[in-house]
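# A structural walkthrough
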Amino acid sequence: MKTPRHVRLLFTLLPLSLAAAQAQKTTLVVSGFGIAQDKIEKNIAKPFEAVCGCNVVFEVGNNADRLAKLTARKANPNVDVVLLADYFAKQASNQGLFEKLDTAQLSNYGKLYDFARDPLKDGTAVAFTVYSVSIVYRTDKITKPITSWKDLWRPELAGKVALPNITTTQGPPTVWLVNRAYGGKDSDASAAFGQLGKLKVLTYYNQSSQVTSLFAQDEIWAAPVGRFAWGGLLNTKKPLAWARLSDGQAGLVNVASVVKGSKNVALAHKFIDFMLSTPVQTAQALDLVDSPVNKQVKLPAAVANQLTVGVSQVAGLRFMDTSYVLTNRDNWIQRWNREVVK
Amino acid sequence: MPGRTVTPWLLVTPALLFLTLVFLYPVVKLLLNSFSVGDTFGLGNYTSFFGDRFNLEVLWRTLRVALVVTLVSAVVCYPAAYGIQSVPPRYRGLVTALIIVPLMTSPVARTYAWLVLLGQTGIVNTALLRSGLVQEPVRILYTEWAVYIGMAQLFIPLMLLTLISAMENLPRDVVPAARSLGATSLQSFTRVILPLTREGLVVGGTLVFTGCITAYVTPALLGGARVQLLATLLYQKAGVTVDYAAASVISVVMLALTLTVAGVLRGRGGRT
């Protein structure tokens, strides 16, 4: 199964490799999350090295650490491509840490969903993966399906709900969509905080692995969760469902950018283009690392069911503007600490 | 004899360089950071940190947890250490080994065990329900109680080991001597045993207290976001919200707390 895909991949990118072979062997430094790094080496780094004739070195860490490093080395950057959650990328972009992307150099740009083409709305990034945030719930304990964010407030769920902490990436979209569900305007999240303060919550989780164990140990019956955790949740063998919410699931993206002052701007574009190509996006999805943003990726149903895939799922997603999050996040964290986590 | 004076310096230089580079320099830098507001120096970071009621609650909770756990472990361990001291020598090794085993398990594993034990369907709640003491599961996890339990289990072995070695240094015949001179058993405890083992209590107390102030895994997993301590708040500021000003203030506060407590306890320990 695997060999033909890689062979096909090599042939698709043969012209690129010939061009690169003439260049000197350079090193491309990519700053990434370090999650499923073995799969990333296998699906992205190694195949890219084969076609570009260059070395790919990953520098890994969480969003905050890597953003801090980028800022500190602004005058003399040592990273070429950086992969970040959209909100952190926007902070970097606002500090002038990114080159403008030349989409003409991205041959796969046309294959991307609209939301992936300019997620920061300033031309400095493309999304390379997407995930939805919705409510996961126990179908044996909650017989009437959950169809709205407001269903978390049902009396039978009291004390059986976990919420993502505001400092997780799933936190702000939860506040945003709850606010909208309760008729709040985006400019004022008081509706959300008023309601969230009244919600009987068991605990606030910081990592998706915590939600998995909370469900596994029958501690909770419902929680807003990022889709990337769905595979792990299914492994608990509990009767769980992914809610289809009438008031919207949130969509979140991770983005790729070229670092300002990189000495390998053209190569960095090639790397990003490679990440967006149909074979790489397919390989990453088959290994359950990242959901594709390339519309041409086709996946078996068993795999698709564990990811955020397909026009029908993606069309319903609501994407929060990164500038909006950036403006409100500090205030939301303060309000969350005072009004919600008491 | 210049060689005599130079050699000791040569011997300590590597250690001194190492400490300066990886300890002194970062601590000084941290201190400077906590006082820098933009390009100038000032108390701005401190006033905004202490001006927020939420932060003060976290600070107070951290102190409370550290104090309670230190006192509880002292009260629990003192008689235990005295008892272990009178265990026949051939069993003493076994008893000591039993104390050390938990120390050899990672705090993460120990804390995860508590997650299972203290949960709604865990052993504790099942036992309480079966015994009829409660009608529905008691909420222990994600409360301050869970943090007390986890921290106490984490640090009791440290206190116990310290006290055992203090008791071992207690001369065997001091108690009979005191009794033969007419001291009651209470008097021989307060006037003889306690002063002679005070050093052990001080060392154990310092270890447990500073351990509680700096522990991260246990409060993060057992307390959750609702039971924030300084260590978890520090992680939130530095690792998630990239608020280095607040993070450096928290670090300085934690450092000051541990130094103060170590200093105070040492002062008390030295006084006889």
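A quick note: this is a predicted structure, and the numbers were derived from the prediction, not measured.

### Description of the overall build of chain B
Counting secondary structure elements, chain B contains 12 helices and two strands. Counting from the amino terminus, helix and strand elements in chain B follow one another as α-β-β-α-α-α-α-α-α-α-α-α-α-α. Compactness check: chain B gives a C-alpha radius of gyration of 23 Å against a globular reference of 19 Å for 272 residues, more than 25% above the reference. Taking the principal axes of its C-alpha atoms as reference, chain B extends roughly 80 × 70 × 30 Å.

### Thoughts on the overall build of chain A
Secondary structure summary: chain A contains 15 helices and 10 strands in total. Projected onto its principal axes, the C-alpha coordinates of chain A cover approximately 70 × 45 × 30 Å. In chain A, buried positions account for 47% of the 342 residues. The long-range share in chain A, meaning contacts at least 24 apart out of those at least 6 apart in sequence, stands at 76%.

### Details of the domain arrangement of chain A
All names here are of chain A. Segmenting chain A into domains produces domain 1 (2–130 + 252–314) and domain 2 (131–251 + 319–340). The straight-line distance from the C-alpha centre of domain 1 to that of domain 2 is 29 Å. Taken together, the contacts link 17 residues of domain 1 with 15 residues of domain 2. Residues of the side of domain 1 that touches domain 2, tallied by class, amount to nine nonpolar, six polar and two charged.

### Focus: the UniProt feature "domain: ABC transmembrane type-1" (unreviewed entry) in chain B
The UniProt entry lists residues 59–265 of chain B under the feature "domain: ABC transmembrane type-1" (unreviewed entry), expressed in the numbering used here. Summarising residues 59–265 of chain B: 80% helix, 0% strand, and an end-to-end C-alpha distance of 20 Å.

### Concerning the nonpolar core
Residues and elements named next belong to chain A. V126, A162 and A222 are the most contacted members of the largest nonpolar core, which has 148 residues in total. Split by domain, the residues of this core number at least three in each of domain 1 (2–130 + 252–314) and domain 2 (131–251 + 319–340). Ignoring sequence-local partners within four residues, the contact set of A222 consists of I135, V136, Y137, I142, I146, L152, L157, K160 and V161.

### Let's talk about unusual backbone geometry
Most peptide bonds adopt trans geometry, and most residues besides glycine take a negative phi value. All names here are of chain A. At D218, a residue that is not glycine, the phi angle is positive and equals roughly 60°. Positive phi outside glycine occurs at L288, with the angle close to 60°. With respect to the element layout, L288 can be found in the loop between α12 (278–286) and α13 (301–304).

### Topic: helix α11 (residues 230–240) of chain B
Every buried residue belonging to α11(B) is among L230(B), A231(B), T232(B), L233(B), L234(B), Q236(B) and K237(B), and all of these are buried. In the stretch just after α11(B), V242(B) is the one whose phi turns positive, near 50°.

### Description of the packing of helix α4 (residues 63–72) of chain A against helix α5 (residues 86–94) of chain A
What describes two packed helices is the angle between their axes and the distance between those same axes. Residues and elements named next belong to chain A. Remark: α4 packs on α5, axes separated minimally by 10 Å, with the N-to-C direction vectors making an angle of 10°. Accordingly, the angle class assigned to the pair α4 and α5 is roughly parallel. Between α4 and α5, the residues in contact are N63, L67 and L70 and F88, Q91 and A92, respectively.

### Comments concerning the interface of chain B and chain A
The interface of chain B with chain A comprises 15 residues on the first partner and 18 residues on the second. At the level of secondary structure, the elements contributing two or more residues to the side of chain B that touches chain A comprise α5 (107–118) and α11 of chain B. For the side of chain B that touches chain A, the element with the most residues is α11(B), which contributes three residues. For the side of chain B that touches chain A, the residue count by class is seven nonpolar, seven polar and one charged.

### Considerations on the environment of Y142(B)
Note on placement: Y142(B) falls in the loop between α6 (123–131) and α7 (144–168). With 77 residues separating them in the primary sequence, Y142(B) and P219(B) have C-alpha atoms 8.9 Å apart. Discounting residues that sit within four places of it in the chain, Y142(B) has contacts with L202(A), T203(A), G223(B), G224(B), R226(B) and V227(B).

What counts and what doesn't
Residues numbered from 1 in each chain as written. Chains lettered and ligands numbered in written order. Predicted model: local features only at pLDDT ≥ 70, side-chain atom pairs only at ≥ 80, totals over all residues. Helix = DSSP H or I, 4+ residues; strand = E, 2+ residues; numbered from the N terminus. Rg over C-alpha atoms; globule rule 2.2 N^0.38 Å. Buried ≥ 20, exposed ≤ 12 C-beta atoms within 10 Å, placed from the backbone. Contact = placed C-beta atoms within 7 Å. Domains from an automatic or database assignment. Nonpolar A, V, L, I, M, F, W, Y, C, P; charged D, E, K, R; others polar. UniProt positions renumbered as here; feature names shortened; annotations may be inferred. Core = buried A, V, L, I, M, F, W, Y, C linked by C-beta atoms within 7 Å. Axes fitted to C-alpha atoms, helices over the stretch in contact; angles between N-to-C directions. Parallel < 35°, antiparallel > 145°, perpendicular 65-115°, else oblique.

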